[in-house]
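Coordinates in review
As a plain string of letters, each chain reads:
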Amino acid sequence: MKEFICGLPKVELHLHIEGSLEPELMFELAKRNQVAIPYNTPQEVRDAYEFHNLQSFLDIYYQGANVLIHEQDFFDLTWAYLLRCKEDNVLHTEIFFDPQTHTSRGIDFDIVICGIHRALVQAQHELGITSQLIMCFLRHLDEASAFETLEQALLHKDKIIAVGLDSSELGHPPKKFENVFQKALTEGFLTVAHAGEEGPAKNIDDALVLLRTARIDHGVRCVEDEALVGRLIEGKVPLTVCPLSNTKLKVFEDMEQHNVVELLRRGVCVTLNSDDPAYFGGYMNANFLAVANAHPMSKEELAQFTLNAIEASFISESEKLRLQ
Ligand code: HPA
Ligand code: ZN
């Protein structure tokens, strides 16, 4: 099964580029940029990655991003992730970035997006990997900050396919960002949102209705509302599920309790993704393997995750045919 999973072509739809910062690169950039970090070795960094919920992870994740200063740093970060895509046979990836994590530290929006984008263009030429970029608003920050960020993104419309919503879900429901998402839609961006990860099923419904999202990121708490599950199946609404993330952040006690295989078998358009692989212990192959080890599955079922991801992706119909 391992051989089948490694060889299976994959499409990733839920990956935070800042969450792909491996401790070794964090150390290299800290040294290069003379940024102090509260660890002595990459192993010490890894040892600190014990999380009990989403917030305990976010605190460490935002701190890690402090080593990213120059355009070249964002290039190096993105390039390292794309090389891992190549290893895991990921043919297409749709990448989140969090501009506010950087602009709040005085790093220009342009530096962030230009570094990431240069790596994406190079990956298409040198690795044959295609991609899209999704700009996320941090939901713990206010609406005004999101509007400001959207304004900055308008100058880079050609590089950004969609806007999304991440960070602390509890206490920051979709409604808080209804106006800014409306403006993003008017400007021609597609929309997605993290919902139903730690928050209730109602957040999934609100993201679909108020934010007009084309996909739901995580969405695993949909099972708490049977009627909602029916609407997800009927409306072919994709869920970008992140199994290793969910177990590390205690959304599920262990992989045996995870509901992604049950959702797949019920006909929900679920996909497998790595979320923040440097923090949660694995990239795409590791996520597929962890699910398959805990839930015996056929090869057809595993391949269905990729077929779902192709269908759910923001690529043209002709490109979808190429991937199939
Ligand atoms: N949830 C919310 N915000 C995030 C995540 C996540 O899984 N990863 C990075 N930011
Ligand atoms: Zn995420």
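The chain carries the name Adenine deaminase in an unreviewed UniProt entry, which gives Photobacterium alginatilyticum as its organism. Under the UniProt heading Sequence similarities (unreviewed entry), the entry covering the chain gives this text: "Belongs to the metallo-dependent hydrolases superfamily. Adenosine and AMP deaminases family. Adenine deaminase type 2 subfamily."

By size, the foremost hydrophobic cluster in this structure holds 88 residues, and its most contacted members are Phe97, Ile116 and Ile134. Not counting chain neighbours up to four residues away, the residues in contact with Phe97 comprise Ile17, Val112, Ile116, Leu133, Met135 and Cys136.

Quick look at the site of ligand 1 now. Inspection of the region around ligand 1 gives His16, Gly19, Leu54, Asp166, Ser167, His194, Glu197, Ser245, Asp275 and Asp276 as its neighbouring residues. Of the residues contributing to the shell around ligand 1, the split by class is one nonpolar, five polar and four charged.

Before going further, it helps to spend a moment on the confidence of the model for the chain. Within the chain, residue pLDDT values average 97, and 100% of them lie at 70 or more. The spread of mean pLDDT over the elements of the chain runs between helix α17 (residues 317–323), the lowest at 84, and strand β7 (residues 239–241), the highest at 99. Complex prediction metrics read pTM 0.98 and ipTM 0.96.

Viewed as axis vectors pointing N to C, helix α5 (residues 71–87) and helix α7 (residues 109–126) meet at an angle of 35°, and their least axial separation amounts to 7 Å. Where α5 crosses over α7, the two elements pack in a sense that is right-handed. Here Glu71, Gln72, Asp73, Phe74, Phe75, Thr78, Trp79 and Leu82 of α5 come into contact with α7, specifically with Ile111, Val112, Cys114, Gly115, Ile116, Arg118, Ala119, Leu120 and Ala123. When its residues are assigned to classes, the contact of α5 with α7 shows eleven nonpolar, three polar and three charged.

Moving on to the pairing of strand β2 (residues 90–97). Counted residue by residue, β2 has seven buried out of eight residues, so it is predominantly covered. As defined by bridge partners, strand β1 (residues 10–16) adjoins β2 across five bridges and the pair is classed as parallel. When the bridges of β2 are listed, Lys10 appears paired with Val90.

This part is about the UniProt feature "site: Important for catalytic activity" (unreviewed entry) in the chain. When the UniProt feature table is mapped onto this chain, "site: Important for catalytic activity" (unreviewed entry) is found at His218. Within the fold, His218 resides in strand β6 (residues 215–218). On the neighbour-count criterion, His218 (29 C-beta atoms within 10 Å) is buried. In this structure His218 touches His194, Ala195, Gly196, Glu197, Val241 and Cys242, once residues within four positions along its chain are discounted.

This part takes up the environment of Phe189. Topologically, Phe189 is positioned in the loop between α9 (178–186) and β5 (190–195). A residue is classified by how many C-beta atoms lie within 10 Å of it, and Phe189, with 21 of them, is buried. Measuring from C-alpha to C-alpha, the distance between Phe189 and Glu12 comes to 19 Å, with 177 residues separating the pair along the chain. Ignoring sequence-local partners within four residues, the contact set of Phe189 consists of Ile160, Ala162, Val163 and Ala184.

Along α9, the residues that are buried comprise Val180, Phe181 and Ala184. Buried positions in α9, seen along its axis, are confined to an arc of 100° and lie on one side of it. Of the surrounding secondary structure, the elements contacted by the buried residues of α9 are β3 (130–138), α8 (143–153), β4 (162–166) and β5. Phi turns positive, to about 100°, at Gly188, one or two residues after α9.

Before going further, it helps to spend a moment on the sheet that holds β4. Taken in spatial order, the eight strands of this open sheet run β1-β2-β3-β4-β5-β6-β7-β8, and their pairing is parallel. Each edge of the open sheet carries a strand with a single partner, namely β1 and β8 (270–272). Strand-to-strand, the axes of this sheet are offset by a mean angle of 25°, without reference to chain direction. Docked against the sheet, α7 engages β2 and β3, running at close to 160° with respect to β3.

Conventions used here
Residues numbered from 1 in each chain as written. Chains lettered and ligands numbered in written order. Predicted model: local features only at pLDDT ≥ 70, side-chain atom pairs only at ≥ 80, totals over all residues. UniProt positions renumbered as here; feature names shortened; annotations may be inferred. Core = buried A, V, L, I, M, F, W, Y, C linked by C-beta atoms within 7 Å. Buried ≥ 20, exposed ≤ 12 C-beta atoms within 10 Å, placed from the backbone. Contact = placed C-beta atoms within 7 Å. Near = placed C-beta within 6 Å. Nonpolar A, V, L, I, M, F, W, Y, C, P; charged D, E, K, R; others polar. pLDDT = per-residue confidence, 0-100. Helix = DSSP H or I, 4+ residues; strand = E, 2+ residues; numbered from the N terminus. Axes fitted to C-alpha atoms, helices over the stretch in contact; angles between N-to-C directions. Left-handed = near helix turned anticlockwise from the far one by under 90°. Pairing = 2+ DSSP bridges. Arc of directions from axis to C-beta.

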